[in-house]
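Commentary on secondary and tertiary structure
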Protein chains: 2
Amino acid sequence: MENIINNIPVTKCEKSKISDVDFNNLAFGSVFSDHMLVCDYKNGAWETPKIVPYQPITLDPSAKIFHYGQSIFEGMKAYKDTNEDVWLFRPMDNCKRLNISAKRLAIPELPEAYFMEGLKALLKLDSNWIPTNSGGSLYIRPFIFASGNGFHASPANAYKFIIATAPSGAYFSGKVKVAIEEKYSRSANGGVGYAKAGGNYAGQFYPTQLAIQKGYNQVIWTDDNTHEYIEEAGAMNIFVRINDTLMTAPTSDRILDGITRKSIIEIAKAEGINVEVKKISVNEVVEAAKNGSLKEMFGSGTAAVVSPIAAFGYKGTDYDLPELENSYASLLKKRITDIQYNRTDDPFGWRVKV
Amino acid sequence: MENIINNIPVTKCEKSKISDVDFNNLAFGSVFSDHMLVCDYKNGAWETPKIVPYQPITLDPSAKIFHYGQSIFEGMKAYKDTNEDVWLFRPMDNCKRLNISAKRLAIPELPEAYFMEGLKALLKLDSNWIPTNSGGSLYIRPFIFASGNGFHASPANAYKFIIATAPSGAYFSGKVKVAIEEKYSRSANGGVGYAKAGGNYAGQFYPTQLAIQKGYNQVIWTDDNTHEYIEEAGAMNIFVRINDTLMTAPTSDRILDGITRKSIIEIAKAEGINVEVKKISVNEVVEAAKNGSLKEMFGSGTAAVVSPIAAFGYKGTDYDLPELENSYASLLKKRITDIQYNRTDDPFGWRVKV
């Protein structure tokens, strides 16, 4: 079956897999919708994107993705409201950040219309895959990787941009216990830490495994030179509340410019919360934990939205955070998800209807 | 056709492609031999490797290699001597380094016998692909990547180890002009710079493109904190000769422990050259260039072996290196390649017959 949505040619799958899916028991990103968007870069240009059935990708063993790490991605969600309308949250920010990542990884930048029109067409076709149960959403994974061939260590001459989607429940359950990293690092000054590059994630897995063995869920990365300053948690930016001030580290070439992060900052300010974007030293957080002024820490990210931290470990000591009745984390999570799911007004103009 | 070489099951290709190949005009790593070794990691264990015809790899769009950068590789060469005997150069060092990289990237370590026996079996089967013309060799690319599926940012549960080979001529032609990097970085303290991880290469491409636009061939990376110390060139370690002392930076968690690098150090010492393994400041090199004591700079690596540097650029000034009649670079390249191609004794015990 061939047709066109938003100028995007569509080849539909023969039979939907949706009846096989238990929408009440969805792990994160492990069940995939019926279709995907594919766009190839060849001969110096991005070709017209197309929608095809979700299907395997075939590559030569010399494809540069296997050897030289040219891969970038985005994480987004589609939300369905009680009227069955479908919404995106600041999608142009993901589109623009994908191209910021592309530039740093020497990947050709993608036309914004291919991203936005392709995404909307895909969501229209697979709208039945967007969960309607509480906290559920359709996780959207746009990604680009080097599909060109050859063992020479240089940028590929061919790339694939794909958008795949996965109906998903919540990313984390419960509060997390984090380790503040004292030895390993996520990124270098002048490196690729601000890009959503595959290699930034692979490098975190081993130190995270070591932290998990010690009873933590995640690592909070510190600067690679002194380990004295809190940066981000790899899949989340980090917020720290001392007394009634909410703080987060400034973005840099080492820290991802998180869309949830910057939305949280704006919402918090609109709520009258004192927000400081500043370098946060580990010592400052430890001192605040000791003297009782450390009220909250939480992570922010597309997958987890807002992820409260129960305790952090540093230099062999664990510091528990208090249980608060009216936490900033729960307030801000409610505010941002109310906007995302169209349960409230959107004074910021962030919501985009599909 | 099924048979067994070195306990490795072999499925031969139906028809060799070798008659299509012009061995006198081989670019680096762009023509591939008839067969490859494949070994899968599944259900917590590496399965028995097998040799199959060189063929495409099929992966789910959610395969973690596309998203989270879990990929590592090695670079090696097979050399054929005038008796048609086939040789490897310190292959166990590649095998051990692959597992060092694997550990840092949270990839399960590979049994050494699978690497060594698999490689030897592959070379026996495809020995006709090893060039015999001057400077030619069979480039060997062992690599491991995450083939397991799912969008969750965590180590994959399945991996593929592959050895593919490519008959190749020399990697670089002529002397290279390098830029000493002042802004971008290759690796962080506590990061993955010492591993041969795909992400280490992707991050270099954009700064290298900028350098190429300014007329340089490659970048010499400096430390990410001060940019005051010379580290490596990404695909090569760097040697600097001031007067008659040959210097190279110590390996670290930011610098690859190059097999050519450490062989060059040992050969140079055996030749009576004064070798210093020490931190090399950019200022020291610039001063030596100005006062005439800088005699040579060269890169070392498997692909290029020894790659003389004609000039370097730093802070807007280019510094030319002198043309020497009896350079260390040409002496050391002759010594190491004579060992590799079995043209001389091997007092170090580095050569391994296949």
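Residues numbered from 1 in each chain as written. Chains lettered and ligands numbered in written order. Predicted model: local features only at pLDDT ≥ 70, side-chain atom pairs only at ≥ 80, totals over all residues. Heavy atoms only, no water.

Bringing the environment of Ile 267 of chain A into the picture now. Residue and element names in this part refer to chain A. Considering the arrangement of structural elements, one finds Ile 267 in helix H5 (residues 259-270). Note on Ile 267: relative accessible area 2%, which makes it buried. Separated by 64 residues in sequence, Ile 267 and Leu 331 place their C-alpha atoms 9.8 Å apart. When near neighbours in sequence (up to four residues on either side) are disregarded, Ile 267 contacts Leu 332, Arg 335, Ile 336, Ile 339, Phe 348 and Trp 350. (Helix = DSSP H or I, 4+ residues; strand = E, 2+ residues; numbered from the N terminus. Buried < 20%, exposed > 50% of the residue type's maximum accessible area, 1.4 Å probe, protein only. Contact = heavy atoms within 4.5 Å.)

So, on to the domain arrangement of chain A. Reports often express the size of an interface as the amount of accessible area lost when the parts come together. Residue and element names in this part refer to chain A. Split into domains, chain A comes out as domain 1 (2-168) and domain 2 (176-339). Each of domain 1 and domain 2 was reduced to a C-alpha centroid, and the two centroids are 28 Å apart. Counting residues at the interface gives 18 residues for domain 1, matched by 21 residues for domain 2. There are two salt bridges connecting domain 1 and domain 2. The closest approach of N and O atoms between Lys 262 and Asp 93, which form a salt bridge, is 2.7 Å. Along the contact surface separating domain 1 from domain 2 lie eleven residue pairs in polar contact (both at pLDDT 80 or more). (Domains from an automatic or database assignment. Salt bridge = Lys/Arg side-chain N within 4 Å of Asp/Glu carboxyl O. Polar contact = N/O pair within 3.5 Å; in protein donor to acceptor, adjacent residues only side chain to side chain.)

The next subject is the relation of the copies chain B and chain A. In the superposition of chain B on chain A (RMSD 0.0 Å, axial shift 0.0 Å), the rotation amounts to 180°. Put plainly, the chains are arranged around a two-fold axis. When the interface residues of chain B are mapped onto chain A, 100% of them again fall at the interface, so both copies present the same face. (Least-squares fit on C-alpha atoms with pLDDT ≥ 70 in both.)

Using the criterion set out here, one finds 42 aromatic pairs over all chains in the structure. Summarising the aromatic geometry, the rings of Phe 348 of chain B and Trp 350 of chain B are spaced 4.1 Å apart at their centres and angled 10° between planes, so their arrangement reads as stacked. On the basis of relative accessible area, Trp 350 of chain B is assigned to the buried category, the value being 5%. Here Lys 279 of chain A stacks its cationic end above the ring of Tyr 229 of chain A, 4.2 Å away from the centre of that ring. (Phe/Tyr/Trp six-rings, centres within 6.5 Å; stacked < 30°, edge-to-face > 60°. Lys NZ or Arg CZ within 6 Å of the ring centre and 35° of its normal.)

Residue and element names in this part refer to chain A. Relative orientation of the contacting elements helix H2 (residues 91-104) and helix H3 (residues 112-125) amounts to 140°, with a least axis distance of 10 Å. What the angle tells us is that H2 and H3 run oblique. The way H2 lies across H3 gives a crossing that is right-handed. Touching Pro 91, Met 92, Asn 94, Cys 95, Lys 96, Leu 98 and Asn 99 of H2 are Glu 112, Phe 115 and Met 116, all from H3. Residues that form the contact of H2 with H3 fall into these classes: six nonpolar, two polar and two charged. (Axes fitted to C-alpha atoms, helices over the stretch in contact; angles between N-to-C directions. Parallel < 35°, antiparallel > 145°, perpendicular 65-115°, else oblique. Left-handed = near helix turned anticlockwise from the far one by under 90°. Nonpolar A, V, L, I, M, F, W, Y, C, P; charged D, E, K, R; others polar.)

Moving on to the interface of chain B and chain A. Each partner contributes to the interface: chain B provides 58 residues, whereas chain A provides 58 residues. Taken together, both faces of the contact between chain B and chain A bury some 5000 Å²; the carbon and sulfur share is 64%. Looking only at chain B, the three residues that lose the most surface to chain A are Phe 66, Phe 151 and Phe 205 of chain B, adding up to 15% of its buried area. At the boundary of chain B and chain A, one finds zero salt bridges. Summed over the shared surface of chain B and chain A, the number is 22 residue pairs in polar contact (both at pLDDT 80 or more). At the level of secondary structure, the elements contributing two or more residues to the side of chain B that touches chain A comprise strand S6 (57-59), helix H1 (65-68), strand S7 (71-73), helix H2 (91-104), strand S10 (137-146), strand S11 (159-168) and helix H4 (198-213) of chain B. Per-element accounting of the side of chain B that touches chain A gives the leading share, nine residues, to H4 of chain B. Class assignment for the residues of the side of chain B that touches chain A results in 31 nonpolar, 21 polar and six charged. As paired strands, strand S6 (residues 57-59) of chain A and S6 of chain B are joined by three bridges and run antiparallel to one another. Counterpart to Ile 57 of chain A in the pairing with S6 of chain B is Leu 59 of chain B. (Buried area = accessible area lost by both parts, 1.4 Å probe. Pairing = 2+ DSSP bridges.)

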